Every structure is written in C-alpha cells, then in structure tokens.
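Structure assessment
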Amino acid sequence: SGINAEYCKQWYQRRVRDTNLDPSNNRDHKHSFGDEICPDTGYLNWLDLSIYHPKFGEKYEDHVAIDLPWYYCGLSGADYPHVYNVWKYIKAQKNANKVGPLGVRAGMDISENFNSILEMKAFGDAGIYANVGQGNEATDKMQQTLDEMKERAQTINFQRVDESKIEFEFYLLERGFHNYPNSYFIVGMVMNSKVDTKDYSYIRPDGRYYDGLIKRGITPINTEPKFDPPVYVRDMEGKKTIYGTASFGHNHPLRQAHGLSGGACPTRGGDVSTYPWGNAGAGFPTDYEEITPICDGIVVDIKYWADLDKSWDSDKIAIGNAGYGTEQVEYMAHANKYGTFEDPYLVENDIKNPQIADFTVDGKIVMEAPEKLEDHPSVSFKLDFGKIGEYFEFTEVELEGPKGCAAEEENGDKYRRYNGAERISTAFGIILLLVVFYCS
C-alpha cells in the first residue's frame, strides 16, 4: 500500500470496447510494472505514479506515510447490479467518502484508487477473528507442496482479536477489480497494534514513493516485511502468529461446483487480475508483492452500521422543533377533556388522574365527532425545547433501471462475455438486510 498508481481508465475502457479484450492475456502481469504497451497506440496502459507526482497538483503533499495494509473481500460481481441503486444513494450522502486515521494510513483516501468509500461501525457481538493455530507450528502452517497436501491437514483455530490491544476501522467501498472497467463492491478493514507500532507498519525502502517520503523528512516506522504477522487475542498472553490458509477462502471448499475457478490462495500481493491463471496476485497492482494475503488468517463479522448524515447520538436530532429554526413551536389540538378515569376500582376509591387535560370551555367530554372537523373548536399550546432541533438531510440521486444480471431478460447474456470473475454472485445485503458471515 505504499506505492500508489493511477489507472488509465479512458484508454482501458476504449480498449475493452474496441478490441473485445481477451481475458487470457496479461497473465505475466507486466502491466503492474508499467511494461505493457497497448498495441494500437504505443501507449502504456498503466501508469505507476507516486502520490507526490506533479499530476496530482500537491493534493497529497502533506499526506501521512501510507504504511498499513488493508484486508478486503469482494462482495459482488462487476458493477454490483443487485445493489447498484442502494450504493448510488449511499455514496452521494454527506458522510460518504470520509476516511478515518487508520484508513488514511492505508491509503484509502486516495480517490484515484478508491472510487467511493463509506466507513462503517461494528455493532452487537461482531468482531475480528484470527487463525492462531492449535499450538503445533508444523501443522498450523498452510500446506505449500503437493506432498504436504497429501500428508496432513492444516490445524485451524480462530480466536477473537483483543480490541484492547488492536484498533481497527471497517469500510464498504467500490474500486476497479479483475481488469474490468466497472467497479466491484468490496468490504475492507484496517487494523493497527496499540502495543507495538512495528506490528503492521511497513514501507518498502525503495522506489519513488519511498524517495518522496525521505525527501519530505518522513522516516518509515518499519521497512522489514512480516510474512506471518503477529496478533493479540482475547484470553491469551503475548503475541500470536496469524496463519493464512492454502484456501482462497475457508467458506469456499468447492468453488468448481458453483462454476467458479481457482480455490487456492494466490499467496502474493499485487494484481489479482486473471486469477487463478498466470502469476496472479491477491489484490491490486498498487500493492506490494511482499505484503502477502494470508488468506483467511483474519476473518471479520460483517455486521455493520453507518450514519449517512448526522449522528443519532445527539439530544437535538429529530426533536419536535427540528426544521422550524426556533426553540418554541405552537401545537394545535381539537378541544376535549382528556384522561378522565372510569374504571370502577378507581372511581370507588376516588383516585383521580393528576394528569387530566381539560381543553374545553364547559369541562365536558365531547363524545361524538362533529360532521365537519372544521366546525369543532381547536386549541393551541406551545412547547419550548430550550434548543433548536436538527433534522437529517439527504442528497437526492436519480435511480437507474436494472443492471447486469439483474436485467438478464432485457440484456441477454452480455455480462458473461468477460472473465470468470464476473460470475461471482452478489452475496451482499449489508444495508437492507443483516448478513453475518466470515470473509478474509
């Protein structure tokens, strides 16, 4: 996450449209290093730019060092057709595209890389779990050879991360993925150690980004990659090792049975692109290869909420004068005598209602409704709230019709012409439905 790039989207989209991109190419992933030249124009189709490049006009000149990794899981197919309008509404609201301090250290505020983003909060019993193994390092490690796969099972033990020693932030976001011109919907998480600043911090001591940091007097916290990072878990003493698995995801035992490809952990950082074919990475071309995915070494309960506007934790939100701009509000009511006790027990014991409200001239209960409401007298009274209330605001958006596989009857099979990654079904309902599952 230390070197940041900008994708040549206009050219790439033109390339998809004009040349009907064959997903079998680019498997050597040379485009990640700026080595792939578009055959029709002679231009590079990828530019790897430091955030300090003049193109950004000093936009990120005072940015903190980008030294934390972020964990992610794709939640949708390309263009997330089933939740497109929900996300279109969400990302237009006031609290969208605001990134917390850990997210900033992971570069999640670099808008050229992250199209739209929303910070979320875990609620209830949701948490983060780490696979720390069962105590035998020989079997706790992932299998790395065919012989190991035949000889043993990896021993798994997920334990809840200790929130008193690890801080974290959760995000829903969209960004380009799998060499596809449209965005994917993704859940992301950043965590940092409160105990040792070097636990997760890393910047490669090489390249234009590193040189830019040194030029600006910023010294990286750590320049040694940790392939098996530590973690602190509840009810266990000291640091534990996070063990990744050989699986693409421990909830994906039979991907082929669902028409999906792959199934093994890519085991290196970089562009996932044509996974599982070629030398694919596990994420994006802006990632360091040495920041490996540790597949399902960390799993997260996706049980989140977010305020799209003001916080509900306020004594001003949605009180009766919200929208009036005054502390006092006049209320109207039809005149009647309200609250007279009639229960025999109360009458026999002469128990009166101390809160009776008599809004009549004659003190009599109006038993029948008038033929015309306007013929019945109304009374007015005032409430003084002592403060001016606030209300929730929203940005209007124009919703669109069905997209992609959500409109297959109208669009035929056009969303099947790209690579197999687009056949991932949407497993998402975090805003409208409560979904709880594990994700690497």
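Above this text you will find the structure in question.
The sections below set out a description of the structure shown in this document.

**Here we look at the nonpolar core**
Counting residues in hydrophobic clusters, the biggest one holds 52 residues, and the most contacted among them are W70, M108 and I298. The set of elements that each furnish at least two residues to this core consists of strand 3 (71–74), helix 2 (84–91), strand 4 (116–122), strand 5 (128–131), strand 7 (166–177), strand 8 (180–193) and strand 11 (298–300). Counting residues per element, this core draws most heavily on strand 8, which supplies eight residues. When neighbours within four sequence positions are excluded, M108 is seen to be in contact with W70, V99, G103, F114, I117, Y171, L173 and V190. Of all hydrophobic cores here, the second largest spans 13 residues; its members include I51, Y60, I110 and L213.

**Side note on the packing of aromatic side chains**
Considering all chains together, one arrives at 20 aromatic pairs under this definition. Centre to centre, the rings of Y80 and Y84 are 5.6 Å apart; their planes meet at 25°, and the pair counts as stacked. Judged by its relative accessible area of 2%, Y80 falls in the buried class. With 6.2 Å between their ring centres and 25° between their planes, F359 and F381 make a pair best called stacked. One end of the pair, F359, is in the loop between strand 15 (357–358) and strand 16 (378–384); the other, F381, is in strand 16, with 22 residues separating them in the sequence. Residue classification places F359 among the partly exposed positions, given a relative accessible area of 33%. For F381, a relative accessible area of 34% puts it in the partly exposed group. Cluster of aromatic residues (ring-pair linked, three or more members): W70, Y72, F114, F177, Y184 and F284. Here the guanidinium or amino end of K310 rests over the ring plane of Y391, the centre of that ring lying 5.9 Å away.

**Details of the pattern of salt bridges**
Applying the stated rule across the entire model yields 21 salt bridges. For the salt bridge of D309 with K94, the shortest nitrogen-to-oxygen distance reads 3.0 Å. You can see D309 sitting in the loop between strand 12 (304–305) and strand 13 (328–334) and its partner K94 sitting in the loop between helix 2 and helix 3 (101–105), a full 215 residues away along the chain. On the accessibility criterion, D309 (7% relative accessible area) is buried. Put simply, K94, D309, K310 and E393 are held in one network by salt bridges that share partners.

**Side note on the side chain of N192**
As for its position among the elements, N192 is in strand 8. Excluding residues within four positions of it along the chain, N192 makes contact with L68, L102, R105, K165, I166, E167 and Y200.

**A look at helix 6 (residues 208–215)**
By the burial criterion, the buried members of helix 6 are Y209, G212 and L213. When helix 6 is viewed along its axis, its buried side chains cluster within an angular range of 100° and face the same direction. Exposed side of helix 6, more than 90 degrees from the buried face: R208 and K215 are the residues found there. Directly after helix 6, the chain includes G217, whose backbone phi takes a positive value near 75°.

**Quick word on the sheet that holds strand 11**
Ordered by their spatial adjacency, three strands build an open sheet running 6-5-11, and the pairing between neighbours is antiparallel. A single partner strand is all that each edge strand has here, and the edge strands are strand 6 (158–160) and strand 11. Strand-to-strand twist in this sheet, taken as the mean axis angle between neighbours without regard to direction, amounts to 30°. The sheet contact formed by strand 5 and strand 11 spans three bridges and is antiparallel.

Each value, and the rule that gives it
- Residue indices follow the written sequence of each chain, beginning from 1 at its first position.
- Local features are withheld for residues below a pLDDT of 70 in this predicted model, meaning they are given only at 70 or higher, and side-chain atom pairs are given and counted only at 80 or more; totals for whole chains, interfaces and linings count all residues.
- The side-chain quantities take in all heavy atoms of the structure and omit both hydrogens and water.
- Among the buried residues, those of types Ala, Val, Leu, Ile, Met, Phe, Trp, Tyr and Cys that are joined through side-chain atoms within 4.5 Å form a nonpolar core.
- Buried means the residue's accessible area, taken with a 1.4 Å probe over protein chains only, is under 20% of the maximum for its type, while exposed means over 50%, and partly exposed covers the values in between.
- Secondary structure follows DSSP: runs of H or I at least 4 residues long count as helices, runs of E at least 2 residues long count as strands, and numbering of each begins at the N terminus.
- Two residues qualify as a contact provided that any one of their heavy atoms is within 4.5 Å of a heavy atom in the partner residue.
- Centres within 6.5 Å are what make two rings of Phe, Tyr or Trp a pair, Trp counting through its six-membered ring; a difference in plane orientation under 30 degrees is then read as stacked, over 60 as edge-to-face, and the rest as tilted.
- Here, a charge over a ring means that NZ of Lys or CZ of Arg falls within 6 Å of the ring centre while also lying within 35 degrees of the ring normal.
- Salt bridges are identified by distance alone: a Lys or Arg side-chain nitrogen within 4 Å of an Asp or Glu carboxyl oxygen.
- Picture the helix axis, draw a direction to every C-beta atom, and the arc is the one those directions span.
- We treat two strands as partners when DSSP finds at least two bridges between them.
- To obtain each axis, a line is fitted to C-alpha atoms, and for helices this fit is confined to the stretch in contact; angles are then taken between N-to-C directions over 0 to 180 degrees.

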